[in-house]
Amino acid sequence: MVWDEWERAKGEAASRMRLNQMASQGGSTVDGADLVVRDQVLGGLGDLARQLRERVARDGDHARAATAGAATELTADGVDMGSALYAVHDAWITKLSTLMDACAHISNHLDYSRSAHAEDEQKIVTDFSVSRVWDAIK
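Residues numbered from 1 in each chain as written. Predicted model: local features only at pLDDT ≥ 70, side-chain atom pairs only at ≥ 80, totals over all residues. Heavy atoms only, no water.

Draft legend 1. Fine view of the overall build of the chain. Counting its secondary structure elements, the chain contains 3 helices and 0 strands. Starting at the N terminus and ending at the C terminus, the chain contains elements arranged as α-α-α. Summarising the internal contacts of the chain: among those between residues at least 6 apart in sequence, 49% fall at separations of at least 24. When the accessible surface of the chain is totalled, it reaches about 10,800 Å², and 59% of it is carbon and sulfur. (Helix = DSSP H or I, 4+ residues; strand = E, 2+ residues; numbered from the N terminus. Contact = heavy atoms within 4.5 Å. Areas by Shrake-Rupley, 256 points an atom, 1.4 Å probe, with all protein chains shown as cover.)

Draft legend 2. Highlighting helix 2 (residues 39–76). For helix 2, built from 38 residues, the straight-helix expectation of 56 Å at 1.5 Å per residue is met to within 8% by its first-to-last C-alpha distance of 55 Å. Where helix 2 is concerned, the buried positions are Leu42, Gly43, Gly46, Ala49, Val56, Gly60, Thr67, Ala68 and Ala71. Gly78 sits one or two residues past helix 2 and shows a positive phi near 85°. (Expected span 1.5 Å × (residues − 1). Buried < 20%, exposed > 50% of the residue type's maximum accessible area, 1.4 Å probe, protein only.)

Draft legend 3. Structural view of the pattern of salt bridges. Applying the stated rule across the entire model yields 6 salt bridges. With a closest N to O distance of 3.5 Å, Asp59 and Arg55 form a salt bridge. Highlighted residues: Asp59 and Arg55, both in helix 2, separated by 4 residues, approximately one helical turn. Judged by its relative accessible area of 36%, Asp59 is partly exposed. Between Asp61 and Arg64 there is a salt bridge, with its nearest N and O atoms 2.6 Å apart. Here the residue Asp61 and the residue Arg64 both occupy positions in helix 2, the gap between them amounting to 3 residues, near one helical turn. Exposure remark for Asp61: the relative accessible area of 34% places this residue in the partly exposed category. Within this structure, Asp47, Arg50 and Asp111 form a network of salt bridges that share partners. (Salt bridge = Lys/Arg side-chain N within 4 Å of Asp/Glu carboxyl O.)

Draft legend 4. Highlighting a nonpolar patch on the surface. Nonpolar side chains collect at one region of the surface, where Val41, Leu45 and Leu48 lie side by side and expose about 270 Å² of accessible area between them. With respect to the secondary-structure elements, Val41 resides in helix 2. (Patch = residues over 30% accessible without salt bridge, like charges linked within 9 Å, V, L, I, M, F, W, Y side chains within 5 Å.)

Draft legend 5. A look at the environment of Ser115. Checked against the element boundaries, Ser115 lands in helix 3 (residues 81–137). The spacing of Ser115 and Asp39 is 76 residues in sequence and 9.2 Å in space, taken between C-alpha atoms.

Draft legend 6. Structural context of the side chain of His89. The topology assignment puts His89 in helix 3. Side-chain polar atoms of His89 contact the side chain of Asp90, separated by 3.3 Å. (Polar contact = N/O pair within 3.5 Å; in protein donor to acceptor, adjacent residues only side chain to side chain.)

Draft legend 7. Broad picture of the environment of Ser97. For Ser97, the location among the structural elements is in helix 3. A C-alpha to C-alpha distance of 9.8 Å links Ser97 and Arg53, two positions 44 residues apart in sequence.

Draft legend 8. Here's a closer look at the confidence of the model for the chain. When the pLDDT values of the chain are averaged, the result is 80; 79% of them are 70 or greater. Mean pLDDT per element in the chain: helix 1 (residues 3–16) is the minimum at 72, and helix 2 is the maximum at 89. Below pLDDT 50 for its whole length, residues 24–28 participates in 6 contacts with residues either more than four positions away or in separate chains. (pLDDT = per-residue confidence, 0-100.)

Following this line, the structure appears as structure tokens:
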């Protein structure tokens, strides 16, 4: 392909290229943007996940303590149900821990996503700024 054909092909491709939006059907938002990340939304969701984890830990511990106390008393009285209640207690701790870990994972991931998005955004802004300066120098 000769140089002029290459330049013409690049020009045609650039005229068809649409960044951050879908073609004529429109995007998932009112302004047609395909991907939108709102820092406040991610932060709010992360805070909710953190609050949920704290509440699950606090409220879930009440059930754990009550179950352990009942299991201890029943076992001390010689009631076979005490050992079964210990099994419930152990299962409760496992499930509670899994739920708390999931909430922490969600919160941490959202914090990471906010940070990574901010870094990506800064890199894009810097790259465009450098590109404009370079174009002006040429």
